Amino acid sequence: VWTDRDGVRNLLNMVGKEVRMEGFLVGSYLHRFNDFVNDMENYLKQGKIKSKHKIYHGIESFVESLGSLFSSSNTGKVIVKV
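Because the structure is predicted, anything quoted here is derived from the model rather than measured.

Asks: Just give me the short version of the overall build of the protein chain, but keep the residues and values in it.
Replies: Each helix and strand counted, the protein chain has three helices and two strands in total. Along the protein chain, helices and strands appear, N-terminal first, in the series α-α-β-α-β. For the protein chain, whose C-alpha radius of gyration is 20 Å, the value lies well above the compact-globule estimate of 12 Å for 82 residues. Burial analysis of the protein chain (82 residues in total) assigns 9% to the buried set. If the 12 positive side-chain charges of the protein chain are averaged to one point and the 9 negative ones to another, these points end up 5 Å apart.

Right, dumping it as structure tokens:
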């Protein structure tokens, strides 16, 4: 059955919605890495980018922190502070 296939589905819908899809390789833009670093530094200083993380305290919370990686209870980084 076509619904059981792996991969991208409904590509024909892209034609009707005039969607554009394009791939890229990071290596093709290494010459712009310094621009990226400068822009990101400014964004961080301005508070436009913030890190999401959850801190668990103590080694005894390790099992709970590990479990959060595989559930919807976590967004961002998981940190275990020992």
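Asks: Let's hear about the pairing of strand E2 (residues 77–81): which residues, and what values?
Replies: Where strand E1 (residues 53–57) and E2 come together, five bridges link them in parallel fashion. Each bridged residue has a counterpart across the sheet, and for Tyr56 the counterpart in E2 is Val80. The parallel pair E1 and E2 is bridged by helix H3 (residues 62–69), and the resulting crossover is right-handed.

Asks: How would you summarise helix H2 (residues 33–46) if you had to cite specific residues and measurements?
Replies: Side chains of residues three or four places apart in an α-helix project in the same direction, reflecting 3.6 residues per turn. Taking 1.5 Å of rise per residue, 14 residues should cover 20 Å, and H2 covers 20 Å from first to last C-alpha, within 8% of that figure. Backbone geometry just after H2 places Gly47 at a positive phi near 80°.

Asks: Can you lay out the pattern of salt bridges for me, pointing to particular residues and giving the numbers?
Replies: Counted under the stated rule, the structure contains two salt bridges. A salt bridge links Glu22 to Arg20; the nearest nitrogen and oxygen atoms lie 2.8 Å apart. Arg20 gets classed as exposed once you look at its relative accessible area, which sits at 70%. Its salt-bridge partner being Glu41, residue Lys45 comes within 3.5 Å of it at the nearest N-O pair. Note that Lys45 and Glu41 are positioned in helix H2 at a spacing of four residues, about one turn of the helix. Assessed through its relative accessible area of 64%, Lys45 is described here as exposed. Since its relative accessible area comes to 38%, Glu41 is described here as partly exposed.

Asks: Please give an account of a nonpolar patch on the surface that cites residues and values.
Replies: A cluster of nonpolar side chains, namely Ile59, Phe62, Val63, Leu66, Leu69, Phe70 and Val82, defines an oily patch on the protein surface of about 810 Å² accessible area. A residue is classified by how much of its surface remains accessible, and Leu66, at 38% relative accessible area, is partly exposed.

Analysis parameters
- Residues numbered from 1 in each chain as written.
- Predicted model: local features only at pLDDT ≥ 70, side-chain atom pairs only at ≥ 80, totals over all residues.
- Heavy atoms only, no water.
- Helix = DSSP H or I, 4+ residues; strand = E, 2+ residues; numbered from the N terminus.
- Rg over C-alpha atoms; globule rule 2.2 N^0.38 Å.
- Buried < 20%, exposed > 50% of the residue type's maximum accessible area, 1.4 Å probe, protein only.
- Lys, Arg positive; Asp, Glu negative; His and termini not counted.
- Charge placed at Lys NZ, Arg CZ, Asp CG, Glu CD.
- Pairing = 2+ DSSP bridges.
- Right-handed = clockwise from strand over helix to strand, strands pointing away.
- Expected span 1.5 Å × (residues − 1).
- Salt bridge = Lys/Arg side-chain N within 4 Å of Asp/Glu carboxyl O.
- Patch = residues over 30% accessible without salt bridge, like charges linked within 9 Å, V, L, I, M, F, W, Y side chains within 5 Å.
- Areas by Shrake-Rupley, 256 points an atom, 1.4 Å probe, with all protein chains shown as cover.

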